[in-house]
Protein chains: 2
Amino acid sequence: MCCRWCPPDPPTSDPGSVAELGEFGLIARITAGRGLPPDTVLGPGDDAAVLAAADGRVVVTTDVLVEGVHFRLDWSTPHQVGRKAVAANLADVTAMGAVPIALVVGLAMPGCTPVSTVDGLAAGMWEEAGQAGAGIVGGDVVSSAELVVSVTALGGLRGRAPVTRSGARPGDVLGLCGRLGWAAAGLAVLRRGFRSPLAVVGAHQVPEPPYGAGPQAATAGATAMIDISDGLLADAGHLAEASGVGIDINSAAVPVAGRLVEVASALGADARHWVLTGGEDHALLACFPADVALPAGWTELGVVLQGRGVTVDGRPYEGPGGWEHFAR
Amino acid sequence: MCCRWCPPDPPTSDPGSVAELGEFGLIARITAGRGLPPDTVLGPGDDAAVLAAADGRVVVTTDVLVEGVHFRLDWSTPHQVGRKAVAANLADVTAMGAVPIALVVGLAMPGCTPVSTVDGLAAGMWEEAGQAGAGIVGGDVVSSAELVVSVTALGGLRGRAPVTRSGARPGDVLGLCGRLGWAAAGLAVLRRGFRSPLAVVGAHQVPEPPYGAGPQAATAGATAMIDISDGLLADAGHLAEASGVGIDINSAAVPVAGRLVEVASALGADARHWVLTGGEDHALLACFPADVALPAGWTELGVVLQGRGVTVDGRPYEGPGGWEHFAR
């Protein structure tokens, strides 16, 4: 049993294709025998689920992952894709200072998709959700030409104000919790045709957002927060723009792990560039008033200034930026 | 201005393709200038949205629509597809006895998709949401090989208990609110290569769920409810199975509109079959205690019995049933 949501007896014999099982058989397979998250009032099997929203508010966010764009099944197992899809969403919930409650999931896939692929996706989604104290309370399964995983995550603020992107003020300190550049390094390795080192490839396959750090930062008095999905500079830019401030990053304070330097050296790449612009690690970036001690696990990375845009050591960064869909 | 959410000055010049506009330009285009639903605490533009959940609970449901499976852009305009995607989800919220609050939307599409297609989708989604008192508070836009529209809808119960599929009891009366067979008739017309009569083609393109009827039925004391997305017999079957009861439908009470009889006659089809098995009209089917007067707009359609399964005039229905994804 990999987590508290997983069924005790996973199927072992070949279950065939999605078309053979059918829509309702597939839904039963994804939901049967799972424990539901504590805030569930009504779980899967009805027209809609019902969740408790104890403080009278609910946080909601959605992400869509497409095979060949966000993941490749020759680079990641279905279980890893399921974990990544859920992690990306729950990181957004966490970045509001909220606690993940539950998810609803849409799966579109060809009829020839092996049921074992869906089993893997579902197990990965349940495992990642379970790590954050959440679970899957509903969904939709439809046929399509390509595999698309759509996840909507809900969270609760436990009485706190949401921490938005727009509350940063000049004089605030910029703090980081979580890893930078690891997923970008893993992607670079996979693109060269290698499958190791596992430390970086695994970081691309399954991010490790610091779920507890969002509510922790909110409690400590964070003025603004975002999860780093597009890259440190790009997402610091989103914070700066939303808050109407400038952000200067102290490059000496940005952690560049020795493992990334080794991998970059072997590939002839620049570890510092991965760290500054690589997305998908889903670390948290937050601003704190200068008189607030950063919570445990957070690193001071720079300062919030009057002005606009993001600088590194007072200068514009000279490389290409983060990820944007449809960008040419 | 088509509804209270629509911007006063829709774009008129050709805006090019999605790839030319880029992800962030696209998101701005979908959300800019829209009024947000009244329960919005925090709208689009952050890691997540925040909604009020006044009675401490939230209803949530999700649906995925795929081009070529759920809709065809040679049969429906993007505006109609947007309305249908939202209507299907809001009908599920309504079927719990809940009032729609808000939606989050995932759009996956090729980079070559005209921006006008996205404009149409967005306008349709906002229009339908507005008709139900809701709006779009967040979303995700990604690149993919085919057009996929993923919608998650949230609703509030306003202090009422949710009306599930499982509460029907022997002796209850089965009631219907909304249309049956119209979308199926429209689909049959389109499949034959015709584009009219508009009354039925339009019903396939844009369903008209009776949004107010769900909360109305809940207030009146409905014991169980479902929205008819798969077909009357199929969804009555879902009610019967979840409640552990049988349902007998009185065929003389099932409304077969004269317009459907005319269309069926022209196509050599069976209007009664459309009415009994056609999905996607999103009428509501609910059970009421025998001593409850059905609310205005509801029609008595049959009775709940001890036993299991669905019969028509006491006998099994002899035709094929409703829609199931991946069914062969």
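Residues numbered from 1 in each chain as written. Chains lettered and ligands numbered in written order. Predicted model: local features only at pLDDT ≥ 70, side-chain atom pairs only at ≥ 80, totals over all residues.

What follows concerns the interface of chain B and chain A. Each partner contributes residues to the interface: chain B has 60 residues there, and chain A has 60 residues. When residues in the side of chain B that touches chain A are grouped by element, the largest group, nine residues, is from strand E3 (residues 57-66) of chain B. Taken together, the residues of the side of chain B that touches chain A sort by class into 33 nonpolar, 15 polar and 12 charged. Here four bridges tie strand E3 (residues 57-66) of chain A to strand E2 (residues 49-52) of chain B, and the two strands are oriented antiparallel to one another. Paired with Val58 of chain A across the two strands is Leu51 of chain B, which belongs to E2 of chain B. (Contact = placed C-beta atoms within 7 Å. Helix = DSSP H or I, 4+ residues; strand = E, 2+ residues; numbered from the N terminus. Nonpolar A, V, L, I, M, F, W, Y, C, P; charged D, E, K, R; others polar. Pairing = 2+ DSSP bridges.)

Bringing the domain arrangement of chain A into the picture now. Residue and element names in this part refer to chain A. Under the domain assignment used here, chain A contains domain 1 (18-156) and domain 2 (173-312). A C-alpha centroid distance of 26 Å is found between domain 1 and domain 2. The interface of domain 1 with domain 2 comprises 18 residues on the first partner and 17 residues on the second. Split by residue class, the side of domain 1 that touches domain 2 holds 11 nonpolar, four polar and three charged. (Domains from an automatic or database assignment.)

Turning our attention to the relation of the copies chain B and chain A. By a simple turn and slide, chain B fits onto chain A: the slide is 0.0 Å along the axis, the RMSD is 0.0 Å, and the turn is 180°. Such a combination of turn and shift is consistent with a two-fold rotation axis. Identified as the residue of chain B closest to the rotation axis by C-alpha distance is Gly56 of chain B, at 2.3 Å. The share of interface residues of chain B whose copies in chain A are also at the interface is 100%, consistent with both copies meeting through the same surface. (Least-squares fit on C-alpha atoms with pLDDT ≥ 70 in both.)

This brings us to helix H6 (residues 198-205) of chain A. Looking at H6 of chain A, one finds that the buried residues are Val200, Val201, Ala203, His204 and Gln205 of chain A. In this structure, the buried side of H6 of chain A is in contact with helix H3 (78-94), helix H5 (182-191) and helix H9 (258-267) of chain A. (Buried ≥ 20, exposed ≤ 12 C-beta atoms within 10 Å, placed from the backbone.)

With mixed pairing, six strands are arranged side by side in an open sheet as E5(A)-E4(A)-E6(A)-E3(A)-E2(B)-E1(B). Each of the sheet's edge strands pairs with one partner strand only, and the pair in question is strand E5 (136-143) of chain A together with strand E1 (40-42) of chain B. Neighbour-to-neighbour, the strand axes of the sheet open up by a mean angle of 25°, direction not taken into account. One ladder, built from seven bridges, connects strand E4 (residues 99-109) of chain A with E5 of chain A; its direction is parallel. Each bridged residue has a counterpart across the sheet, and for Gly106 of chain A the counterpart in E5 of chain A is Asp140 of chain A. Helix H4 (residues 115-131) of chain A rests against E4, E5 and strand E6 (148-156) of chain A of the sheet, and its axis sits at about 170° to E4 of chain A. (Axes fitted to C-alpha atoms, helices over the stretch in contact; angles between N-to-C directions.)

So, on to the environment of Leu285 of chain B. All names here are of chain B. Structurally, Leu285 is set in strand E10 (residues 284-288). Distance in space between the C-alpha atoms of Leu285 and Leu239 is 8.9 Å, their sequence separation being 46 residues. Residue contacts for Leu285: discarding those within four places in its chain leaves Leu174, Leu176, Met225, Ile226, Ile228, Asp235, Ala236 and Leu239.

Turning to the environment of Ser76 of chain A, a few remarks are in order. Residue and element names in this part refer to chain A. In this fold, Ser76 is placed in the loop between E3 and H3. For Ser76, a count of 23 C-beta atoms within 10 Å translates into the label buried. Considered as a pair, Ser76 and Val201 are 125 residues apart in the sequence and their alpha carbons are 9.2 Å apart.

In this model, helix H8 (residues 232-243) of chain A (12 residues) spans 16 Å end to end at C-alpha, consistent with the 16 Å of a helix rising 1.5 Å per residue. Buried-residue contacts for H8 of chain A involve strand E8 (224-227), strand E9 (246-249), helix H10 (271-277), strand E10 (284-288) and strand E12 (309-312) of chain A. (Expected span 1.5 Å × (residues − 1).)

Let's shift gears to unusual backbone geometry. Residue Pro197 of chain A is reached from Ser196 of chain A by a cis peptide bond, and omega for that bond is 10°. Looking at the element boundaries, Pro197 of chain A is found in the loop between H5 and H6. With phi around 55°, Asp313 of chain B is a residue other than glycine that occupies positive phi space. Note on placement: Asp313 of chain B falls in the segment after strand E12 (309-312). Since 11 C-beta atoms lie within 10 Å of it, Asp313 of chain B is described here as exposed.

All names here are of chain B. Where helix H2 (residues 23-31) contacts helix H4 (residues 115-131), the axes come no closer than 9 Å and their chain directions differ by 35°. Where H2 crosses over H4, the handedness of that crossing is right-handed. Contact with H2, carried on its side by Leu26, Arg29 and Ile30, involves Val118, Asp119 and Ala122 of H4 and no other residues of that element. Residues that form the contact of H2 with H4 fall into these classes: four nonpolar, no polar and two charged. (Left-handed = near helix turned anticlockwise from the far one by under 90°.)

Attention shifts here to the sheet that holds strand E9 (residues 246-249) of chain B. Residue and element names in this part refer to chain B. Read across the open sheet, the six strands follow the order E8-E10-E7-E11-E9-E12; overall the sheet is mixed. With partners counted over all chains shown, the strands left at the sheet margins are strand E8 (224-227) and E12, one partner each. Averaged over all adjacent pairs, the angle separating strand axes in this sheet is 25°, with direction ignored. Two elements, E9 and strand E11 (residues 299-305), share four bridges in a ladder whose sense is antiparallel. Residue Ile247 lies in a different strand from E11, and its bridge partner there is Val304.

Before going further, it helps to examine the packing of helix H5 (residues 182-191) of chain B against helix H6 (residues 198-205) of chain B. Residue and element names in this part refer to chain B. Put simply, H5 and H6 touch, their axes get as near as 7 Å, and they point 105° apart. As judged from the angle between their axes, H5 and H6 are roughly perpendicular. Facing Trp182, Ala183, Ala185, Gly186, Leu187, Val189 and Leu190 of H5, the residues of H6 in contact are Val200, Val201, Gly202, Ala203, His204 and Gln205. When its residues are assigned to classes, the contact of H5 with H6 shows nine nonpolar, four polar and no charged. (Parallel < 35°, antiparallel > 145°, perpendicular 65-115°, else oblique.)

Judged from the four bridges that link them, strand E7 (residues 173-177) of chain A and strand E11 (residues 299-305) of chain A form a sheet pairing that is antiparallel. What sits directly across from Leu174 of chain A, in E11 of chain A, is Gly302 of chain A.

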